[in-house]
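Next come the chains, spelled out residue by residue.
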Amino acid sequence: MAQRFVDRNIFMTAELWGLASTPPYGHRNDLTTIDEVIRAHGGDARDSAARYKSAAEEDRSALIAYLKTLVIEQ
Ligand code: HEM
């Protein structure tokens, strides 16, 4: 992502909006699903990833269903 408006020591994360329309994910574009990319989070997001992994299957499914609504309309 270009950082035209912020200093280079600030890490700009990708926006969630449109997420469902932008696979594959990650630096290497090797993560094909939303489930995989959430599980791959580390660093400051490690706790969130751990909570996702230990959540009930129906809660993970509900979250993924919501995230799949974040599409970019052409
Ligand atoms: C359920 C919650 C989350 C979802 C669905 C999510 C989704 C994503 C996705 C799809 C990407 C890849 C973007 C791309 O490659 O195009 C990403 C990257 C990233 N996310 Fe999240 N994220 C979540 C929570 C978080 C949290 C809590 C943090 C920080 C505290 C975080 C920090 C980052 C960072 C730093 C990257 C870039 C990592 C890299 O490119 O190697 N995310 N996230």
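Residues numbered from 1 in each chain as written. Predicted model: local features only at pLDDT ≥ 70, side-chain atom pairs only at ≥ 80, totals over all residues. Heavy atoms only, no water.

**Student:** Even after reading the chapter, I still don't get unusual backbone geometry, so can you show me in this structure?
**Tutor:** Trans is the prevailing form of peptide bonds, just as negative phi is the prevailing case for residues other than glycine. At the junction of Pro23 and Pro24, the peptide bond is cis and its omega measures out at -5° in the coordinates. For Asn29, which is not glycine, the phi dihedral falls at a positive 50°. Its location among the elements puts Asn29 in the segment before helix H1 (34-39). What makes Asn29 partly exposed here is its relative accessible area of 47%. (Helix = DSSP H or I, 4+ residues; strand = E, 2+ residues; numbered from the N terminus. Buried < 20%, exposed > 50% of the residue type's maximum accessible area, 1.4 Å probe, protein only.)

**Student:** Honestly, the site of the ligand in this entry has me stumped. Any pointers?
**Tutor:** If you check the shell around the ligand, you find 15 residues, and the closest are Leu19, Gly26, His27, His41 and Ala45. In this structure, an oxygen atom belonging to the ligand sits 2.9 Å away from a side-chain N or O atom of His27. At 2.8 Å, a side-chain N or O of His41 approaches a nitrogen atom of the ligand. Residues that form the shell around the ligand fall into these classes: nine nonpolar, five polar and one charged. (Near = heavy atom within 4 Å. Polar contact = N/O pair within 3.5 Å; in protein donor to acceptor, adjacent residues only side chain to side chain. Nonpolar A, V, L, I, M, F, W, Y, C, P; charged D, E, K, R; others polar.)

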